[in-house]
Structures are given as C-alpha cells and as structure tokens.
Amino acid sequence: KKKKKPAIKVEHLWVDMPGETVRDVSFEVQKGEIFGIGGLAGHGKLGIPNGIMGLYPAGGKVKLFGKKLTLNKPRVALGRKMAFVSEDRRGVGLLLDEPLDWNITFTAMQTQGRFFRSIPFIFQMRNELAMANETKKFIEALEIKCTGPKQKAGELSGGNQQKVCLAKAFVLKPEILLICEPTRGIDIGAKNLVLDTLKEYNRENGTTIIITSSELEELRSVCDRVAIVGEGKIAGILPASRPAEEFGMLMMEEKLRVALAATE
C-alpha cells in the first residue's frame, strides 16, 4: 500500500496496566492499514490499546490524523471516531444482563446521540425500532446465533458474544478500530468468520484496524504489517508476508534479553 499520512502516530507511550509492561512504545499506522501487535504475554501488547483508549493511566503522545489525542479520557477517544473491542468481553465488552439491541447500540447512543426519537417540547425517546433494525442487520451479517434482538447477551456462546462486541464497534462507524484478542476462546468456524469480517470491513470502509493477538499466524493472515512487542517496547515491525522465522527471531531475541536481564 502506498504511503499516506498516518492515521495514528504513537510516541513514547507508557501505560500503567496490571500484568502488562508498556514502557516506551512508538509506531505509526497508515490510513486503511490493518496493523498487528504480537509478542509474549505480559510484555505490553494488551497494554498498548487499553492505554490509547484511556482505560488505564497512560502518558506519551498519540496523534490521530495529525491531531493530538488527549489521553486518559475514554469518551474523548470515542468522540475522535475510535472504537475498541476489549480482550475482556464479559467484563468490559458486554452488558450481560441486557438484550442484544441494547448492547449493540448503547455506546452509539451515549457518544453519538443516535437511536433517539425527538418528541417536540417533551424529551428524546429511545427509538426501539431503529435499535432492533440495526441489531437485526448485524445478527444477519455476522451470523450471530441467537433468538433475536431481545435475547440477553449473557445467554450467548463465547463466539457469538465476540461477534456482538464487533457489531457494537462497527455501529460506531469508526475511522480507527482497536481490537484485542479477536478470536480468543472461540471455535475455528467462528474464528474464520470474525477474521474475514474484519478484512471485509477494512476493505469496504477503509477503516484503519489495529489487532492485538497472542496468535502470530492469525496476525500474519490478516494484517499488512505486524509489530512484535517485548519488555514494554517495540522489538521490531515486519511486513506480514515475511517468513514466520523472522518473527520467531524477534521473539527469541526478546526472550534472550529477558533471560540475560534476570541473571544480571
């Protein structure tokens, strides 16, 4: 893909997230690119998107399309046309006791004022029909196995819950989508559907997508480039088409560095 101005530029990012080390991370992602972040557990790959979205204390500099993003304010990030699919879908991603239509449209209602009907001189009412229609559209597109828009999110299987989290992000029509562990804990059929959906969404909308995953092969199958994180920094960034051994080398170097640091 030819060089355009970066959709997101991250400089010297640090994040204070339990179990994650993000010390000094810098990278940029071009508009319309699918960018992967991989690496060993706990070395910072999950901390990066959580920090950018303001879910944990973070510092450094993040620019979206050349304009500075205020860190530590999730609503500001959402207001700047970003969307986030958390690795913790049961804790952060979903309202398990609420129906699917509420789950899928809730963030768009909160941050974009959508799915309301105005009644002159009185108040705004939730537009239940618009919520149901939007939800049906995604149930069909993502093949979410459910009884309908009113089924509770907590009753769905892990794979279907993951698809609901994706639908919730797509409804926001983001310019930049950050997604963590998109296929964790779901079966192979649902895995392929989720990954194909991300590729298709990127192709149709030109959305910039950043995927964090423990599965290197998964990243190589969908991304344009993949960054390997180690010890809270970027160890290297390679085109996804490079041989798996080269990614393995980056990860081995990190393991060696950690082992050496531990013996000092």
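## Looking at the packing of helix 6 (residues 158–171) against helix 7 (residues 188–205)
What describes two packed helices is the angle between their axes and the distance between those same axes.
Here comes step 1: Their axes nearest at 11 Å, the elements helix 6 and helix 7 cross at an angle of 10 degrees. It follows from the interaxial angle that helix 6 and helix 7 lie roughly parallel. On helix 7, the residues that touch Lys-163, Leu-166 and Phe-170 of helix 6 are Ala-190, Leu-193, Val-194, Thr-197, Leu-198 and Tyr-201.

## Focus: the pattern of salt bridges
Here comes step 1: Across all of its chains, the model carries ten salt bridges by this definition.
Here comes step 2: Arg-225 is the salt-bridge partner of Glu-33, the closest N and O atoms lying 2.6 Å from each other. Residue Glu-33 is found in the loop between strand 2 (22–30) and strand 3 (34–39), and its partner Arg-225 is found in strand 11 (residues 225–230); the two are separated by 192 residues along the sequence.
Here comes step 3: Assessed through its relative accessible area of 5%, Glu-33 is described here as buried.
Here comes step 4: Looking at Arg-225, the relative accessible area reads 24%, which means it is partly exposed.
Here comes step 5: Across the pair Arg-126 and Glu-128 runs a salt bridge whose closest N-O atoms are separated by 3.0 Å.
Here comes step 6: Among the ionic contacts, a cluster of salt bridges with common partners joins Asp-101, Arg-126, Glu-128 and Lys-150.

## Details of helix 5 (residues 128–141)
Here comes step 1: Between its terminal C-alpha atoms helix 5 stretches 20 Å, which fits the 20 Å expected from 14 residues at 1.5 Å a residue.
Here comes step 2: For helix 5, the full list of buried residues reads Met-131, Ala-132, Glu-134, Thr-135, Phe-138 and Ile-139. Along the long axis of helix 5, the arc covered by the buried residues comes to 165 degrees, so they all point the same way. Seen from the open side of helix 5, the exposed residues pointing more than 90 degrees away from its buried face are Leu-129, Glu-140 and Ala-141.
Here comes step 3: In this fold, the buried residues of helix 5 make contact with helix 4 (100–112), strand 8 (123–126) and helix 6.
Here comes step 4: Once helix 5 finishes, Glu-143 follows within two positions and takes phi at roughly 55 degrees, a positive value.

## Looking at helix 9 (residues 244–263)
Here comes step 1: With 20 residues, helix 9 should cover 28 Å at 1.5 Å per step; its first-to-last C-alpha distance of 29 Å lies within 8% of that length.
Here comes step 2: By the burial criterion, the buried members of helix 9 are Phe-247, Leu-250, Met-251 and Glu-254. The buried residues of helix 9 occupy one face: seen down the axis, they fall within an arc of 90 degrees. Residues of helix 9 that are exposed and angled more than 90 degrees away from the buried face: Glu-245, Met-249, Leu-256, Leu-260 and Thr-263.

## Side note on the environment of Leu-256
Here comes step 1: Relative to the assigned elements, Leu-256 resides in helix 9.
Here comes step 2: For Leu-256, a relative accessible area of 52% gives the class exposed.

## Considerations on the nonpolar core
Here comes step 1: Residues Ile-8, Leu-13, Phe-27, Ile-52 and Met-82 are the most contacted members of the largest nonpolar core, which totals 78 residues.
Here comes step 2: Tallying contributions element by element places helix 6 first for this core, with seven residues.

## Let's talk about the layout of surface pockets
Here comes step 1: Considered as a void within the structure, the largest pocket measures approximately 470 Å³ in volume.
Here comes step 2: Along the walls of the largest pocket sit 21 residues, with Leu-78, Phe-84, Val-92, Thr-107 and Lys-168 positioned nearest its centre.
Here comes step 3: At the level of secondary structure, the elements contributing two or more residues to the lining of the largest pocket comprise helix 2 (74–79), strand 6 (82–85), helix 3 (89–93), helix 4 and helix 6.
Here comes step 4: Ranked by residue count, the leading element in the lining of the largest pocket is helix 4, at five residues.
Here comes step 5: Residue composition of the lining of the largest pocket, grouped by class: 13 nonpolar, six polar and two charged.
Here comes step 6: Each pocket or cavity is described by its volume, and for the second largest pocket that value is around 210 Å³.
Here comes step 7: Residue lining of the second largest pocket: Phe-138, Ala-141, Leu-142, Phe-170, Leu-193, Asp-196, Thr-197, Glu-200, Tyr-201, Glu-204 and Asn-205, and that is the complete set.
Here comes step 8: At the level of secondary structure, the elements contributing two or more residues to the lining of the second largest pocket comprise helix 5 and helix 7.

## Some details on the sheet that holds strand 4 (residues 58–64)
Here comes step 1: The strand order across the open sheet formed by four strands is 2-1-4-5, and the pairing between neighbours is antiparallel. Every interior strand has two partners, whereas the edge strands, strand 2 and strand 5 (67–68), have only one.
Here comes step 2: Pairing of strand 4 with strand 5, which is carried by two bridges, proceeds in the antiparallel orientation. Along strand 5, the bridge assignment pairs Leu-64 with Lys-67.

## Thoughts on the pairing of strand 6
Here comes step 1: Burial along strand 6 is two-sided: the residues Met-82 and Phe-84 and Ala-83 and Val-85 are all buried.
Here comes step 2: Across four bridges, the pairing between strand 6 and strand 9 (residues 176–180) is parallel. Paired with Phe-84 across the strands is Leu-178, a residue of strand 9.

Calculation rules
Numbers given for residues are sequential positions, taken from 1 along each chain in its written order. Whole-chain, interface and lining totals are the exception, using all residues; otherwise, since this is a predicted model, local features are given only for residues with pLDDT of at least 70 and side-chain atom pairs are given and counted only at 80 or more. Heavy atoms throughout the structure, all of them, feed into the side-chain values; hydrogens and water do not. Interaxial angle, 0 to 180 degrees, is taken between N-to-C directions of lines fitted to C-alpha atoms, where a helix line uses only the stretch in contact. For the purposes of this entry, the term helix denotes a DSSP run of H or I that reaches at least four residues, the term strand denotes a run of E that reaches at least two, and both are numbered from the N terminus. Note on terminology: angles under 35 degrees are roughly parallel, angles over 145 are roughly antiparallel, angles of 65 to 115 are roughly perpendicular, and the others are oblique. The contact criterion used is simple: two residues touch if any of their non-hydrogen atoms lie within 4.5 Å. Here, a salt bridge means any side-chain nitrogen of Lys or Arg that lies within 4 Å of a carboxyl oxygen of Asp or Glu. Each residue is assigned to one of three classes by its accessible area relative to the maximum for its type, calculated with a 1.4 Å probe on protein chains only: buried under 20%, partly exposed between the two thresholds, exposed over 50%. Here a helix's expected span is defined as the number of its residues, less one, multiplied by 1.5 Å. Note: the arc covers the axis-to-C-beta directions of the helix. To qualify as a nonpolar core, a set must consist of buried Ala, Val, Leu, Ile, Met, Phe, Trp, Tyr and Cys residues joined through side-chain atoms within 4.5 Å. In this analysis the probe radius is 1.4 Å and the grid spacing 1 Å, with only protein atoms considered; a cavity is a set of points the probe fits into but cannot get out of, a pocket is an open set with protein on both sides within 12 Å along at least five of seven lines, and lining residues have an atom within 4 Å of a point. Grid points are joined across faces, edges and corners, and a volume is the space filled by probe spheres set on the points. Gly is placed with the polar residues, together with every amino acid not listed as nonpolar (Ala, Val, Leu, Ile, Met, Phe, Trp, Tyr, Cys and Pro) or charged (Asp, Glu, Lys and Arg). Strands pair, by our definition, only if DSSP identifies at least two bridges between them.

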